[in-house]
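Descriptive structure summary
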Amino acid sequence: MGARDEFILDSYSATVTQVAHTASAAVAHIKVRKPAQRGNAAAHGSGSGFLFTPDGFTITNAHVVEGAGELRAAFADGTESTARLVGTDASTDIAVLRIESHPSAFLPLGSSAALQPGQLAVAVGNPLGFDFTVTAGIVSALGRSLPSRGGRMIEDVIQTDVALNPGNSGGPLLDSAAQVIGVNTAVIPSAQGLSFAVAIDTARWVAGELMRHGAVRRGKLGVQCAAVALPRRWVRENEWPVATGVRVVEVVAGSAAARDGLRSGDILVGCDGVPLAQLSDLLKRLAGEGYGKPLLLKLLRPVAGTLTPFYLTVTPGG
């Protein structure tokens, strides 16, 4: 190993160490006690979470707190406190807790929109009961989809090779600046180097809805979508502000999308005059204040081999 290799290794180690040091104070070990049922003893579970505001609001996974009768949060500085469930969203596997007694540290939420495959990713959590464990790797792929326990697909999921185990769920996935870029949510037990996190852009708006309303209100289009790069020529000639759109992979028969004319292969690029760069942009339009309202979609549709711009009004179902 030459001097340059040693320098690269040292730089990598220093970065991971700094991220872990910054994050560990704000990461919680979520302890779950479930009520006894049908004569059985009370069940216990655990996971991870992280403070994202100075007044104790904490993000974790919905499946971590599912069925909880009592919640407690423990931190690396020895602080332990009861936690109150603010709201859960099974469709994205995100939950928000409010912790009364907590450290002053909290983690800033970054952005998942500009992530690139190959960049550093660090996880801090409590795998298999081993408190405040650090693992690191890279972002392997973007825009994945995973089935949620609520039956919907969790879209815009980040794939990494960061080592995760049961108990990491709900903990932060961080970039080299110790900003949260995802919420660790799942592993595939039979695979190696395949771990998944809900993108923080999705988690942020879900957390906001839970804090305001206790639930996320959603309209339904009835489509499966994936983010795609837009043709450079179209972006240049139209002076379009973003370089990606949302491609319709499948339209569900009898859905609002099918009724109003959306087709498989359409590329959604705008909604109500706002560019759609990724799937989370569309999901935001279907949720919260946009629930049930007609959407004016700008799309590119393949016609005789040419992507032709169209406008289409679609009214989401309930």
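Refer to the preceding data block for the structure.
For clarity, every value in this text was computed on a predicted model and none was experimentally measured.

Conventions used here
Residues numbered from 1 in each chain as written. Predicted model: local features only at pLDDT ≥ 70, side-chain atom pairs only at ≥ 80, totals over all residues. Heavy atoms only, no water. Pairing = 2+ DSSP bridges. Helix = DSSP H or I, 4+ residues; strand = E, 2+ residues; numbered from the N terminus. Axes fitted to C-alpha atoms, helices over the stretch in contact; angles between N-to-C directions. Contact = heavy atoms within 4.5 Å. Salt bridge = Lys/Arg side-chain N within 4 Å of Asp/Glu carboxyl O.

**Comments concerning the sheet that holds strand β3 (residues 57–60)**
The strand order β1-β2-β3-β6-β5-β4 describes a closed barrel built from six strands, whose pairing is antiparallel. Pairwise comparison of adjacent strand axes, ignoring direction, gives a mean angle of 40 degrees for this sheet. Two elements, strand β1 (residues 27–34) and strand β2 (residues 43–51), share eight bridges in a ladder whose sense is antiparallel. Note that in β2 the partner of histidine 29 across the bridge is serine 48. In this fold helix α3 (residues 200–213) packs onto β3, β5 (80–89) and β6 (94–99), with an angle of close to 55 degrees to the strand it touches most, β6.

**A few points about the environment of valine 27**
Within the secondary structure layout, valine 27 lies in strand β1. For the pair formed by valine 27 and aspartate 266, sequence separation is 239 residues and the distance between their alpha carbons is 41 Å. For valine 27, the residues in contact, after removing those within four places along its chain, are Gly49, Phe50, Ala74, Phe75, Val124, Gly125, Phe132 and Pro172.

**A word on the pattern of salt bridges**
Summed over all chains, the structure comprises eight salt bridges. Between glutamate 80 and arginine 72 there is a salt bridge, with its nearest N and O atoms 3.1 Å apart. One salt bridge in this structure joins arginine 233 and glutamate 237, with 2.7 Å as the shortest N-O distance. Highlighted residues: arginine 233 and glutamate 237, both in helix α4 (residues 232–237), separated by four residues, approximately one helical turn. Beyond isolated ion pairs, a larger network of salt bridges with shared partners links Lys31, Arg72 and Glu80.

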